[in-house]
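Observations on the three-dimensional arrangement
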Protein chains: 2
Amino acid sequence: MNRHEQESIVNADDLQGVCSQLYQKVGVAKTDADTIAEMQVLMDLRGVHSHATRGVPGYVRSVMSGDTNPTPQIKVLEDNPASVLLDGDRGLGHLVGIRAMNLAIEKAKSASIGMAVVRNSKHFGAASSHAMRTLEHDMIGFATTNGGGANVAVFGAMTNSIGNNALSYAIPTEEEPPIVLDMACGAVAAGRIGTARIYNEKIPLGWGLDENGEETDDPSKVAAILPAAGPKGSALAMVMDVLCGPLSGGLMGINKKYQPGDAPPEKLATAHFFLAINIASLTSVEEFKAEIDRQIRMTRQAKPRKGFDRVTLPGEIEWELTQERRANGIPLHKSQLQNLEALAGELGVPVPWKGK
Amino acid sequence: MNRHEQESIVNADDLQGVCSQLYQKVGVAKTDADTIAEMQVLMDLRGVHSHATRGVPGYVRSVMSGDTNPTPQIKVLEDNPASVLLDGDRGLGHLVGIRAMNLAIEKAKSASIGMAVVRNSKHFGAASSHAMRTLEHDMIGFATTNGGGANVAVFGAMTNSIGNNALSYAIPTEEEPPIVLDMACGAVAAGRIGTARIYNEKIPLGWGLDENGEETDDPSKVAAILPAAGPKGSALAMVMDVLCGPLSGGLMGINKKYQPGDAPPEKLATAHFFLAINIASLTSVEEFKAEIDRQIRMTRQAKPRKGFDRVTLPGEIEWELTQERRANGIPLHKSQLQNLEALAGELGVPVPWKGK
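Comments concerning the interface of chain B and chain A
- Listed as interface residues are 83 residues of chain B and, on the opposing side, 83 residues of chain A.
- In total, about 6600 Å² of surface goes out of reach between chain B and chain A, with carbon and sulfur atoms giving 69% of it.
- The three residues of chain B that bury the most area against chain A are Lys-232, Leu-282 and Arg-305 of chain B, which together make up 11% of that side's buried surface.
- Applying the counting rule to chain B against chain A returns 6 salt bridges.
- For Glu-215 of chain B, the salt bridge goes to Arg-305 of chain A, with nearest N and O atoms at 3.5 Å.

Below, the structure written as structure tokens:
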């Protein structure tokens, strides 16, 4: 079956409404629920399904089980002229991340650069959904996290030894779409291997190793994800882990498998790191944006290699897809919709697309 | 001829003395000359010959031609609580970088994070030689530059469209060697293709494209370097360019080919970006370092993949090589020594290893 036959088309607003209500049903305040749903639907619009509404049932059930706090009271543990250290109160990572980035933006307004480091949070979704929040403030945004434990083999290793930590930069523009880098330090995000599993597709060699340390094209046999560009992605993953874990007074991802008792629980939970850089504190925002726009236009004019129709900018395809899907709907795998519908049934949330 | 037969062994202190005197002969103050020579010999010790004393004749001749300023008067253009914007006065990039990172470190002492952005500088050598300067202050260091114009093909392009911008993070440790990431955003630093040319060796496919856009294994035919990990390295290169060029009020690397007159010369020159993160402002330095040490030891215990003897940390091989080469000398290609000797002859600097 091709992809198309496995999918249904859902309207973005309908999807956002359902997701927000699901979060509200488990105790998330309406404005917070709307925000999280909006961030997740944005990733479906951008085609980043690995970090989109597919995760909603998992997040909601984690609140239901008591593992994730729907109404976190975020504590400021350290407050410096250009930084804060926060305790996320084991809150939904999207919410914790929003509040942390807001604080980084405030620091950057007064100090030129603002840093927010967070421990004791939960998975915060797509790193770019946080980095992009600086754009409307004419700031460069950076976000990273050491959420997912250890599922990448360090360069040269055959076993999992570092997290597949994600990092994102967002750069404001004037007329062109913003430049948005959002990458896993592994060859690929775990969620994309998950996508291949859901669609029953092979994966390229170079993404992962099986349990014998051999490269595999079977997404169900991946025991360890390979690092992007060998030693480069491996080292970047380690650095991102340091910026989140140890810098927040927490642990590296690989040590988070310890049981509470081995270490205080707040050190074992997910950590994040955010930067906001205030362009106006250094140079003319207008000139800055004009130069980025110029780079974007020059890059598009580069001659494509064999196998490429055109040259695109980081985040450009996602930007175009967003416009197209806002107009025509989002294709989602039927099994994902069934998971959402099952949860909606449990929690008494009406689903407008049911029976389509 | 194998590598060994093409090389001579030189003592690190001898090499440093000669390089320092060469810089002094063209007007660099003794302490500055010593510092630059030390940074460059350190890269030979670490095995990073692409960014080491091989570059000395080029730097020195650039001073002789008037293109590089040996006694830069660095101007502070903007001074914020957590950042500075500097004009490097077209000075030797090593010197400009040192002063900029010192200012970032000072800002981080008071504000928690310090940022220094520099325009109108010259090539600053290895990014890690700047990032590592934070280590003795118990800070995390970050350095990047958009030095080299445009020699990397953006992902999907066959022609040069972005700089092979380098970035480095340095992370302090207690007992273990520091974690030092130093990477080009291209598949490889241009200098490593240069090394292959010097030694008359082939390069792996995947490093570069020839003028027809085909991958080549001939280092003399590389017309464009490929980005590391495709879209990831391509986007990282673009972001690093933005942090240096437009954020400093200068231009993106690709636009620096403009002639003065099209844009003010200070916008066309090399730019840098530095961060220093003060660990003590957020958490216990002792606990931080203990956790990094623990990660390092756990990583070494990871089971090696086929083709690997052991698993090493970023910067670990370079650290070991440094100890070994301090004791036994540095192997350098004879043609590199001849270049140094020729310049030393011109400038009247005695060469202790001559005739070996």
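Overview of helix α1 (residues 12–25) of chain A
Residues and elements named next belong to chain A.
- In a regular helix each residue adds 1.5 Å, so 14 residues correspond to 20 Å; α1 covers 20 Å between its end C-alpha atoms and thus fits that length.
- Among the residues of α1, those classed as buried are Ala-12, Leu-15, Val-18, Cys-19, Ser-20, Leu-22 and Tyr-23.
- Considering only its buried residues, α1 is in contact with β1 (7–10), α2 (30–45), α3 (56–64), β13 (330–333) and α11 (334–347).
- You can read the cap of α1 off the contacts: a side-chain oxygen lies 2.8 Å from the backbone nitrogen of Asp-13, and it is on Asn-11.
- A positive backbone phi angle near 105° is found at Gly-27, which sits one or two residues after α1.

Quick notes on the packing of α2 of chain A against helix α10 (residues 316–328) of chain A
Residue and element names in this part refer to chain A.
- One way to put it is that α2 packs onto α10 with a least axis distance of 8 Å and a crossing angle of 105°. As the angle between them shows, α2 and α10 are arranged roughly perpendicular. The residues of α10 that touch α2, namely those facing Leu-42, Asp-44 and Leu-45, are Glu-318, Leu-321, Thr-322, Arg-325 and Arg-326.
- Across the contact of α2 with α10, the residue classes tally to 3 nonpolar, 1 polar and 4 charged.

Some words on the layout of surface pockets
Residues and elements named next belong to chain A.
- When its volume is computed, the second largest pocket comes out at roughly 450 Å³.
- Along the walls of the second largest pocket sit 19 residues, with Glu-38, Leu-42, Ser-129, Met-132 and Arg-133 positioned nearest its centre.
- Looking at the lining of the second largest pocket, the elements that each hand over two or more residues are α2 and α10.
- Among the elements that line the lining of the second largest pocket, the one with the most residues is α2, at 6 residues.
- Residues that form the lining of the second largest pocket fall into these classes: 9 nonpolar, 5 polar and 5 charged.
- Of the domains in this structure, domain 1 (1–71 + 329–356) and domain 2 (80–186 + 227–314) are the two that each give at least three residues to the lining of the second largest pocket.

Regarding the packing of α3 of chain A against α11 of chain A
- Their axes nearest at 9 Å, the elements α3 of chain A and α11 of chain A cross at an angle of 35°. Contact residues: α3 of chain A offers Val-56, Pro-57, Val-60, Arg-61 and Met-64 of chain A, while α11 of chain A offers Asn-339, Leu-340, Leu-343, Glu-346 and Leu-347 of chain A.

Looking at unusual backbone geometry
- Not every positive phi belongs to a glycine, and Asn-120 of chain A is a case in point at roughly 60°.
- Tracing the backbone shows Asn-120 of chain A in strand β4 (residues 113–121).
- Even without a glycine there, the phi angle at Arg-90 of chain B is positive, about 50°.
- With respect to the element layout, Arg-90 of chain B can be found in strand β3 (residues 83–91).

Re the pairing of β3 of chain B
Residue and element names in this part refer to chain B.
- Most of β3 is tucked away: 7 of the 9 residues are buried.
- When strand β2 (residues 75–80) meets β3, the two strands line up antiparallel, connected through 5 bridges. Bridge pairing links Asp-79 to Val-84 in β3.
- Between the antiparallel neighbours β2 and β3 lie 2 residues.

Overview of the relation of the copies chain B and chain A
- At an RMSD of 0.0 Å, chain B and chain A line up after a rotation of 180° and a shift of 0.0 Å along the axis. In the structure described here, the two chain copies are related by an operation that fits a two-fold rotation axis. Measuring from the rotation axis to each C-alpha of chain B, the shortest distance belongs to Ala-229 of chain B, at 2.5 Å.
- Here 100% of the interface residues in chain B have copies in chain A that are interface residues too; the copies meet face to matching face.

Here we look at empty space enclosed by the protein
- Counted by the stated rule, this structure contains 6 cavities of 30 Å³ or more.
- By volume, the largest cavity is sized at about 140 Å³.
- The wall of the largest cavity is formed by 15 residues, among which Tyr-169 and Leu-275 of chain A together with Phe-142, Tyr-169 and Leu-275 of chain B lie closest to the centre.
- Counted by class, the lining of the largest cavity contains 14 nonpolar, 1 polar and no charged residues.

Let's talk about the environment of Lys-334 of chain A
All names here are of chain A.
- Along the chain, the position of Lys-334 falls in helix α11.
- Taking relative accessible area as the criterion, Lys-334 reaches 36% and is therefore assigned partly exposed.
- Linking Lys-334 and Ile-9, residues 325 residues apart in sequence, is a C-alpha distance of 9.3 Å.
- Setting aside residues no more than four positions away along its own chain, Lys-334 makes contact with Glu-5, Gln-6, Glu-7 and Ser-8.

Things to note about the packing of aromatic side chains
- For the coordinates displayed, the defined rule picks out 8 aromatic pairs over all chains.
- Look at Phe-124 of chain A and Phe-274 of chain A: their rings are 5.9 Å apart centre to centre, the planes differ by 45°, and that puts the pair in the tilted class. Taken together, the residues span a long stretch of sequence, with Phe-124 of chain A in the loop between β4 and α5 (127–131) and Phe-274 of chain A in strand β12 (residues 270–278) at a distance of 150 residues.
- With 5.1 Å between their ring centres and 85° between their planes, Phe-155 of chain A and Phe-308 of chain B make a pair best called edge-to-face.

Observations concerning the pattern of salt bridges
Residue and element names in this part refer to chain A.
- According to the stated counting rule, one finds 42 salt bridges over all chains in the structure shown.
- Between Asp-218 and Lys-221 there is a salt bridge, with its nearest N and O atoms 4.0 Å apart.
- When salt bridges with common partners are traced through the structure, they connect Glu-175, Glu-176, Asp-293, Arg-297, Arg-300 and Glu-316 into a single cluster.

Some points on the domain arrangement of chain A
All names here are of chain A.
- You can read the domains of chain A as domain 1 (1–71 + 329–356) and domain 2 (80–186 + 227–314).
- One C-alpha centre belongs to domain 1, the other to domain 2, and the line joining them spans 24 Å.
- When the buried area of domain 1 at its contact with domain 2 is split by residue, Met-39, Tyr-59 and Asn-69 rank highest and sum to 35% of it.
- One can count 3 salt bridges joining domain 1 with domain 2.
- One salt bridge in this structure joins Lys-122 and Asp-67, with 2.8 Å as the shortest N-O distance.
- The interface formed by domain 1 and domain 2 contains 7 residue pairs in polar contact (both at pLDDT 80 or more).
- The greatest single-element share of the side of domain 1 that touches domain 2, amounting to 7 residues, is contributed by α2.
- For the side of domain 1 that touches domain 2, the per-class residue count stands at 9 nonpolar, 7 polar and 3 charged.

Basis of the calculations
Residues numbered from 1 in each chain as written. Chains lettered and ligands numbered in written order. Predicted model: local features only at pLDDT ≥ 70, side-chain atom pairs only at ≥ 80, totals over all residues. Heavy atoms only, no water. Contact = heavy atoms within 4.5 Å. Buried area = accessible area lost by both parts, 1.4 Å probe. Salt bridge = Lys/Arg side-chain N within 4 Å of Asp/Glu carboxyl O. Helix = DSSP H or I, 4+ residues; strand = E, 2+ residues; numbered from the N terminus. Expected span 1.5 Å × (residues − 1). Buried < 20%, exposed > 50% of the residue type's maximum accessible area, 1.4 Å probe, protein only. Polar contact = N/O pair within 3.5 Å; in protein donor to acceptor, adjacent residues only side chain to side chain. Axes fitted to C-alpha atoms, helices over the stretch in contact; angles between N-to-C directions. Parallel < 35°, antiparallel > 145°, perpendicular 65-115°, else oblique. Nonpolar A, V, L, I, M, F, W, Y, C, P; charged D, E, K, R; others polar. 1 Å grid on protein atoms, 1.4 Å probe; cavity = no way out; pocket = protein on both sides within 12 Å on 5 of 7 lines; lining within 4 Å. Points joined across faces, edges and corners; volume = space filled by probe spheres on them. Domains from an automatic or database assignment. Pairing = 2+ DSSP bridges. Least-squares fit on C-alpha atoms with pLDDT ≥ 70 in both. Phe/Tyr/Trp six-rings, centres within 6.5 Å; stacked < 30°, edge-to-face > 60°.

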